[in-house]
Amino acid sequence: MSELVRFGVSMDSKLLTAFDELIERKGYANRSEAIRDLLRNELVRVEWENEEQETVATVTLVYSHEVRELADKLLAIQHEHHRLVVSALHVHLDSHNCLEVLVLRGKAGLVRQIAERLVSTKGVRHGKIAMTTTGAHLH
Ligand code: NI
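Residues numbered from 1 in each chain as written. Predicted model: local features only at pLDDT ≥ 70, side-chain atom pairs only at ≥ 80, totals over all residues. Heavy atoms only, no water.

Caption draft 1: Here's a closer look at helix α2 (residues 31-49). Compared with an ideal rise of 1.5 Å per residue, which puts 19 residues at 27 Å, α2 spans 27 Å between its outermost C-alpha atoms and is within 8% of the ideal. Regarding α2, the residues found buried are Ala 34, Val 44, Glu 47 and Trp 48. The arc that holds the buried residues of α2, viewed along the axis, is 140 degrees, so those residues lie on one side. Residues Leu 39 and Glu 49 are exposed on α2 and point more than 90 degrees away from its buried face. Lining the buried residues of α2 we find α1 (13-26), β1 (54-64), α4 (108-119) and β4 (126-131). Between the side-chain oxygen of the N-cap and the backbone nitrogen of Ser 32 there are 3.2 Å, and the N-cap of α2 in question is Asn 30. (Helix = DSSP H or I, 4+ residues; strand = E, 2+ residues; numbered from the N terminus. Expected span 1.5 Å × (residues − 1). Buried < 20%, exposed > 50% of the residue type's maximum accessible area, 1.4 Å probe, protein only. Arc of directions from axis to C-beta. Contact = heavy atoms within 4.5 Å. Polar contact = N/O pair within 3.5 Å; in protein donor to acceptor, adjacent residues only side chain to side chain.)

Caption draft 2: A look at the pairing of strand β3 (residues 97-107). Examined bridge by bridge, β1 and β3 share 11 bridges and lie antiparallel to one another. When the bridges of β3 are listed, Ala 57 appears paired with Leu 104. Two strands pair when backbone bridges link them, and strand β2 (residues 85-92) and β3 are joined in this way by seven bridges, in the antiparallel orientation. Following the sheet pairing, Ala 88 is matched in β3 by Leu 102. Count of turn residues in the β2/β3 antiparallel hairpin: four residues. (Pairing = 2+ DSSP bridges.)

Caption draft 3: Region of interest: the coordination of the nickel ion. Note on the nickel ion: its protein donors are His 90 (NE2), His 92 (ND1) and Cys 98 (SG). The metal-donor distances range over 2.1 to 2.4 Å. When the donor residues of the nickel ion are listed from N- to C-terminus, their spacing reads H-x1-H-x5-C. Taking the relative accessible area as the measure of exposure, His 92 reaches 62% and is therefore exposed. (Donors = N, O, S within 2.8 Å, 3.2 Å for Na, K, Ca; no water.)

Caption draft 4: Highlighting the pattern of salt bridges. One pass over the structure, following the stated rule, counts nine salt bridges. A salt bridge links Arg 40 to Asp 37; the shortest N-O distance between them is 2.9 Å. Of this pair, Arg 40 and Asp 37 both sit in helix α2, three residues apart, roughly one helical turn. Accessibility expressed as a relative area gives 29% for Arg 40, which makes it partly exposed. Close ionic contact of Arg 45 with Glu 42 constitutes a salt bridge, the shortest N to O distance being 2.7 Å. Taken as a pair, Arg 45 and Glu 42 lie in helix α2 at a separation of three residues, close to a single helical turn. Since its relative accessible area comes to 42%, Arg 45 is described here as partly exposed. According to the relative accessible area criterion, Glu 42 is partly exposed, its value standing at 37%. One network of salt bridges, with partners in common, ties together Glu 33, Arg 36, Asp 37 and Arg 40. (Salt bridge = Lys/Arg side-chain N within 4 Å of Asp/Glu carboxyl O.)

Caption draft 5: Looking closely at the side chain of Thr 133. Tracing the sequence through the fold places Thr 133 in the segment after β4. Within polar-contact distance, the side chain of Thr 133 engages the side chain of Glu 47 at 3.0 Å. One polar contact links the side chain of Thr 133 to the main-chain amide nitrogen of Gly 135, over a distance of 3.0 Å. Residue contacts for Thr 133: discarding those within four places in its chain leaves Val 44, Glu 47, Thr 55, Val 56 and Leu 138.

Now the structure itself:
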């Protein structure tokens, strides 16, 4: 870890009160940790703006394996981009429903495109993309 630097921040007292309420609700130990998290989130968001940036995402999908050709379609998309799909976890939730969590790694533009294609595949009941980071640009 690099050197720890202290700095002062001036802000409107109402804004600070709102911030303190927020960090208490979220369970942060102190303002510093909350500010560090906000900054890291913003840095990750900016990473995703660069389509060429190497990054990672998880895609969560809930679907019924009984919907005609749906499981095959989702698999075909993954095989088409097998270099992007680092890992796939499949859970049989009940006799009808499946949960899949995929880890995608690659250039932000392509990862986003494939993740959105999976989520928007007709028949998927719920899909969520978490765009995160390899951590290389976070210190
Ligand atoms: Ni299943």
